[in-house]
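Take a look at the letters that make up each chain.
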Amino acid sequence: QLQASGGGLVQAGGSLRLSCATSGRTFSSYIMGWFRQAPGKEREFVAGINWSGGITAYADSVKGRFTISRDNVKNMVYLQMNSLKPEDTAVYYCAADKSPFRNSIVVLTSQYDYWGQGTQVTVSS
């Protein structure tokens, strides 16, 4: 039900835009999040957005560089990543918190109910 895409290899300082396609109109009422997992590390929260797109949250490590957005008409969620650093290298996952019309964005992986398959982002120095 969630399909992430847009990953790739980019040089440090470059940009990528990740996309997450959702199926089913109920996703438009869910909080959506992006997480990432680097080799040997736990999966961590990157960014989240509430159902309307009016509330967002970011990990400190990506604030000012990444922007999450959504288009509920197209059933898409995006993560624009600018000024990429080698430490951003990871598999990126989109996820959905199925509590409908909730505005408080949580950062715990256990709070999210649906997960995409992940897309690899590699930033070279």
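Read on for a plain summary of the structure. Remember, predicted model here, so these are calculated numbers, not experimental data.

Reading the values: the criteria
- As a convention, each chain's residues are numbered from 1 in the sequence order in which they are written.
- At least 70 in pLDDT is required for a residue's local features to be given in this predicted model, at least 80 for side-chain atom pairs to be given and counted, and no such filter applies to totals for whole chains, interfaces and linings, which use all residues.
- The basis for every side-chain value is the complete set of non-hydrogen atoms in the structure, without hydrogens or water.
- Where helices and strands are cited, they refer to DSSP runs of H or I of at least four residues and of E of at least two residues respectively, numbered from the N terminus.
- It is over C-alpha atoms that the radius of gyration is taken, and the globule rule equals 2.2 Å times the number of residues to the power 0.38.
- Burial classes: relative accessible area under 20% of the type maximum marks a residue as buried, over 50% as exposed, and values in between as partly exposed (1.4 Å probe, protein chains only).
- Residue contacts are defined here by distance: any two heavy atoms, one from each residue, within 4.5 Å place the two residues in contact.
- Per-residue and other accessible areas were derived by the Shrake-Rupley procedure at a 1.4 Å probe size, with only the shown protein chains allowed to occlude residues.
- Note that His is not counted, nor are the chain ends; the positive residues are Lys and Arg, and the negative ones are Asp and Glu.
- Each charge is placed at NZ for Lys, CZ for Arg, CG for Asp and CD for Glu.
- DSSP bridges decide pairing: two strands pair if at least two such bridges lie between them.

1. What about the overall build of the chain?
Moving on, step 1. Of the regular secondary structure elements, the chain holds 0 helices and 11 strands.
Moving on, step 2. Put simply, the chain runs from its N terminus to its C terminus through helices and strands in the order β-β-β-β-β-β-β-β-β-β-β.
Moving on, step 3. The C-alpha atoms of the chain give a radius of gyration of 13 Å, which matches the 14 Å a tight globule of 125 residues would have.
Moving on, step 4. Here the C-alpha coordinates of the chain stretch approximately 40 × 25 × 25 Å along the principal axes.
Moving on, step 5. Burial statistics for the chain: of 125 residues in total, 42% are counted as buried.
Moving on, step 6. Relative to all contacts within the chain whose residues are 6 or more apart in sequence, the contacts with residues 24 or more apart total 59%.
Moving on, step 7. When the accessible surface of the chain is split by element, carbon and sulfur atoms take 49% of a total near 6200 Å².
Moving on, step 8. Within the chain, the 8 negative side-chain charges are centred at a point lying 6 Å from the centre of the 12 positive side-chain charges.

2. Focus on the pairing of strand 5 (residues 44-49)
Moving on, step 1. Counting buried residues along strand 5, 5 of its 6 residues qualify, which places the element largely inside the surrounding structure.
Moving on, step 2. Note: strand 4 (residues 31-37) against strand 5, 5 bridges, orientation antiparallel. Bridge pairing in strand 5 places Arg-36 opposite Glu-44.
Moving on, step 3. From the end of strand 4 to the start of strand 5, which pair antiparallel, there are 6 residues, and Gly-40 there has a positive phi angle of about 80°.

3. Focus: the side chain of Asp-97
Moving on, step 1. You can see Asp-97 is positioned in strand 9 (residues 90-97).
Moving on, step 2. For Asp-97, a relative accessible area of 0% translates into the label buried.
Moving on, step 3. Excluding residues that lie within four positions of it along the chain, Asp-97 makes contacts with Tyr-30, Ile-31, Arg-102, Val-106, Gln-111, Tyr-112 and Asp-113.

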